[in-house]
Amino acid sequence: MKTREITTDIHYVGINDRVTVKFEEQWPLPYGVSYNSYIVKGSEATVLIDTVKIDAVNRYLQKIGSEKIDYLVVNHMEPDHSGSIPEVCKIFPEMKIICNAIAKQMIKGFCHVEDEDRFMVVKDGDELNIGNHTLRFYMTPMVHWPETMMTYVIDLRVLFSGDGFGSFGAPNGGIIDTEIDTDLFLNKEMYRYYSNIVGKYGKSVMMALAKLKDLPLDYVCSTHGPVWHDKIPEVMEITRRLASYESEPGVVIIYGSMYGNTTEAAEEIAQELNLLGEKKIIIHNAAHSEMSDMISDAFRYDTLIVGSCVYSMRLFPPVEAFLTAMETREIKNKTFGGFGSFSWANGVAEKKFNEFTETLKLPLAATFSFKHGISDGSANDAREFARQIMAERKKMENNN
Ligand code: FEO
């Protein structure tokens, strides 16, 4: 397969993966994923930017072809990008590896590259001249691992951003955003990728955005998904909003129910929300929906409602798992409400929702529980709960 030219002297040698079912063995890939790698050809040296997952190494090496690689820049060491480093090292015995000090230890540990002469360790702001082009390295720790950095080709205004600005989904046919329909990426897969993979590290992403803010950018080349060109402002804005936990209007209801009683309450709440004027309501049955989609929607929209039956003195396990995922990602700035059903263990759901909101320093906008099946009284409580949620959301909007 031919390599694609992104712009002068920059070529795409990444791989589309439409075989792996779950990224990191957790996150579904209904539209595949790409492992993006690039070649920068200077008049005096040629640089490879990141590699690909080891499963795709043969196709990858075919793409690199007869190109002689002088330097490999390692922006990120997660094995979806570093897996092919040992093979690339074998093929190019003279190649230097450019990375930071933390990545160097990881390369030794993961890839067993021991030869000290291989390494050129860089720090924030260091530059490498390759003749007619100059690369500058920016340390961007925790976007998404501690060693992550970004590489900027100063004269070409191209940023190799590692996982930053990445997306699930393998681009179809083209690679630059001007060549393809970007709707899938900008409206779904970028949200899912950010919230699932990078979501915990919003503060680090904001620090990286601040560091990059004055760089002129013609192309942003992430390790996953399209190369951004026309859509750079939109992509930056989506990333800023997600990293700062800024939400869009909408209500996400996540519930778990064994025999349908909590389901009925969820439907009652949703109907009342709708009667109050809310059109954007997303309901997930936690036992059936993918965790990936629930996390993504919870990140994206401003109101989160969680409901659960009691299960062995705890919440229903898929709901507990969802709340743990929210705690891990330190979700903020939500109008949050919780409801529950019980047969004999009153108070379990409220206790859990109180603990959850205390941990995350989120106000608990409303809560209610009902015993056994839903009755006229508890249906009325569900509607009142919906009204309280909408009132608290309004207050939050006015405060922001
Ligand atoms: Fe695509 Fe954090 O690796």
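Reading guide: rules and limits
The numbering scheme is per chain: residues are counted from 1 as the chain's sequence reads. In keeping with the model being predicted, local features are shown solely for residues with a pLDDT of at least 70 and side-chain atom pairs are shown and tallied solely at 80 or more, while totals for entire chains, interfaces and linings include all residues. Note that the side-chain values use all heavy atoms of the structure and ignore hydrogens as well as water. Think of it in three bands: with a 1.4 Å probe and only protein chains considered, a residue is buried below 20% of the maximum accessible area for its type, exposed above 50%, and partly exposed in between. The numbering of helices and of strands both runs from the N terminus, where a helix is a DSSP run of H or I of at least 4 residues and a strand a run of E of at least 2. Being paired, for any two strands, means DSSP has found at least two bridges between them. Salt bridges are defined by distance alone: a side-chain nitrogen of Lys or Arg within 4 Å of a carboxyl oxygen of Asp or Glu. Domain start and end points were adopted from an automatic or database domain assignment. By definition in these notes, contact holds between two residues if any of their heavy atoms fall within 4.5 Å. Using a 1.4 Å probe, buried area is obtained as the accessible area two parts lose upon being combined, added over both of them. Under this scheme, a helix contributes an axis fitted over its contacting stretch, all axes are lines through C-alpha atoms, and angles between N-to-C directions fall in the 0 to 180 degree range. In this scheme, a helix's expected span is set at 1.5 Å multiplied by one less than its residue total. Pairing of aromatic rings covers Phe, Tyr and the six-membered ring of Trp, with a centre-to-centre limit of 6.5 Å; geometry is then stacked below 30 degrees between planes, edge-to-face above 60, and tilted otherwise. Should the NZ of a Lys or the CZ of an Arg lie within 6 Å of a ring centre and within 35 degrees of the ring normal, that charge is described as sitting over the ring. Within this scheme the basic residues Lys and Arg register as positive and the acidic residues Asp and Glu register as negative, but His and the chain ends are omitted. Counting of polar contacts relies on pairs of N or O atoms within 3.5 Å, with two restrictions inside protein: one atom must be capable of donating a hydrogen and the other of accepting it, and residues adjacent in sequence are counted only when both atoms are side-chain atoms. Throughout, the term roughly parallel applies to angles under 35 degrees, roughly antiparallel to angles over 145, roughly perpendicular to angles from 65 to 115, and oblique to all others. Put simply, a crossing is left-handed when the front helix is turned counterclockwise from the back one by less than a right angle, and right-handed when it is turned clockwise. Any residue outside Ala, Val, Leu, Ile, Met, Phe, Trp, Tyr, Cys, Pro, Asp, Glu, Lys and Arg is labelled polar, Gly included; the first ten of those are nonpolar and the last four are charged.

### Overview of the pairing of strand β19 (residues 301-311)
Walk down a regular strand and you will see the side chains alternate between the two sheet faces.
And step 1. By the criterion of burial, β19 is predominantly enclosed, with 10 of the 11 residues buried.
And step 2. Alignment of strand β17 (residues 248-256) against β19, held across 7 bridges, turns out to be parallel. Across the sheet, the residue bridging to Tyr-255 is Gly-307, located in β19.
And step 3. Alignment of β19 against strand β21 (residues 335-342), held across 7 bridges, turns out to be parallel. Following the sheet pairing, Gly-307 is matched in β21 by Phe-339.
And step 4. Taken together, the 2 bridges between β19 and strand β20 (residues 314-315) define a ladder with antiparallel strand orientation. Among the inter-strand pairings, Val-310 is bridged to a residue of β20, identified as Leu-315.
And step 5. Counting the residues between successive antiparallel strands, the hairpin from β19 to β20 contains 2 residues, one of them, Ser-312, with a positive phi of roughly 50°.

### Section: the pattern of salt bridges
And step 1. Within the structure shown, the criterion is met by 27 salt bridges.
And step 2. With a closest N to O distance of 3.1 Å, Asp-302 and Arg-393 form a salt bridge. A residue pair is termed long-range when its members are at least 10 positions apart, and Asp-302 in strand β19 and Arg-393 in helix α12 (residues 376-399) qualify at 91 residues.
And step 3. Via salt bridges that share partners, Glu-237, Arg-240, Arg-241, Glu-246, Glu-248 and Arg-300 belong to a single interconnected network.

### A closer look at the domain arrangement of the chain
Many descriptions give the size of an interface as the accessible area lost when the pieces come together.
And step 1. By the assigned domains, the chain splits into domain 1 (4-243) and domain 2 (248-399).
And step 2. If you look at the interface, domain 1 gives 14 residues, while domain 2 gives 12 residues.
And step 3. Carbon and sulfur atoms supply 48% of the area buried between domain 1 and domain 2, which totals about 1,100 Å² over both sides.
And step 4. Inspection of the region where domain 1 meets domain 2 yields 3 salt bridges.

### Points about the sheet that holds strand β13 (residues 134-139)
In a beta sheet, neighbouring strands pair by backbone hydrogen bonds and run either parallel or antiparallel.
And step 1. One open sheet accounts for 5 strands, arranged β12-β13-β14-β15-β16; its pairing is mixed. One side of each edge strand has no neighbouring strand; the edge strands of this open sheet are β12 (127-129) and β16 (219-222). Put simply, the sheet's adjacent strands are angled 20° from each other on average, direction ignored.
And step 2. As paired elements, β13 and strand β14 (residues 149-153) share 5 bridges and run antiparallel to each other. Bridging from a neighbouring strand, Met-139 pairs with Met-149 of β14.

### Topic: α12
And step 1. Between the first and last C-alpha of α12 there are 35 Å, a value that for 24 residues agrees with the 34 Å anticipated at 1.5 Å per step.
And step 2. Buried residues of α12: Ser-378, Ala-379, Ala-382, Phe-385, Ala-386, Ile-389, Met-390 and Arg-393, and no others.
And step 3. The secondary structure elements touched by the buried residues of α12 are β17, α8 (261-275), β19, β21 and β22 (364-371).

### Regarding the pairing of strand β7 (residues 38-41)
And step 1. In this structure, strand β2 (residues 10-12) lies alongside β7, joined through 3 bridges in antiparallel fashion. Along β7, the bridge assignment pairs Tyr-12 with Tyr-38.

### Concerning the packing of aromatic side chains
And step 1. The tally for this structure, following the rule as stated, stands at 15 aromatic pairs.
And step 2. Put simply, the rings of Phe-339, Phe-368, Phe-370 and Phe-385 touch in pairs and so form one group of aromatic residues.
And step 3. The ring of Tyr-191 has Arg-300 lying over it, and the distance from NZ or CZ to the ring centre is 3.7 Å.

### A word on the side chain of Asp-297
And step 1. Within the fold, Asp-297 resides in helix α9 (residues 291-300).
And step 2. Although Asp-297 lies buried, it forms no salt bridge, and the closest oppositely charged side chain, Arg-300, sits 6.1 Å away as judged by the N-O distance.
And step 3. Among the polar contacts made by the side chain of Asp-297, one reaches the side chain of His-284 at a distance of 2.8 Å.
And step 4. Setting aside chain neighbours within four positions, we find Asp-297 in contact with Val-252, Ile-282 and His-284.

### Side note on the sheet that holds strand β11 (residues 119-121)
And step 1. If you walk across this open sheet you meet the 7 strands as β1-β2-β7-β8-β9-β10-β11, and the pairing is mixed. The open sheet is flanked by β1 (4-7) and β11, the only strands paired with a single partner. Taken over all neighbouring pairs, the strand axes of this sheet differ in orientation by 25° on average, direction set aside.
And step 2. Examined bridge by bridge, strand β8 (residues 46-49) and strand β9 (residues 71-73) share 3 bridges and lie parallel to one another. For Leu-48, the partnering residue across the bridge sits in β9 and is Leu-72.

### With respect to the packing of helix α5 (residues 183-198) against helix α7 (residues 232-243)
And step 1. At a minimum axis distance of 11 Å, the contact between α5 and α7 shows a crossing angle of 45°. Compared by their axis directions, α5 and α7 come out oblique. Once α5 is placed against α7, the crossing between them reads as right-handed. Residues Leu-186, Met-190, Tyr-191 and Tyr-194 of α5 lie in contact with α7, whose contacting residues are Glu-234, Val-235, Ile-238, Thr-239, Arg-241, Leu-242 and Ala-243.
And step 2. Its residues assigned to classes, the contact of α5 with α7 comprises 8 nonpolar, 1 polar and 2 charged.

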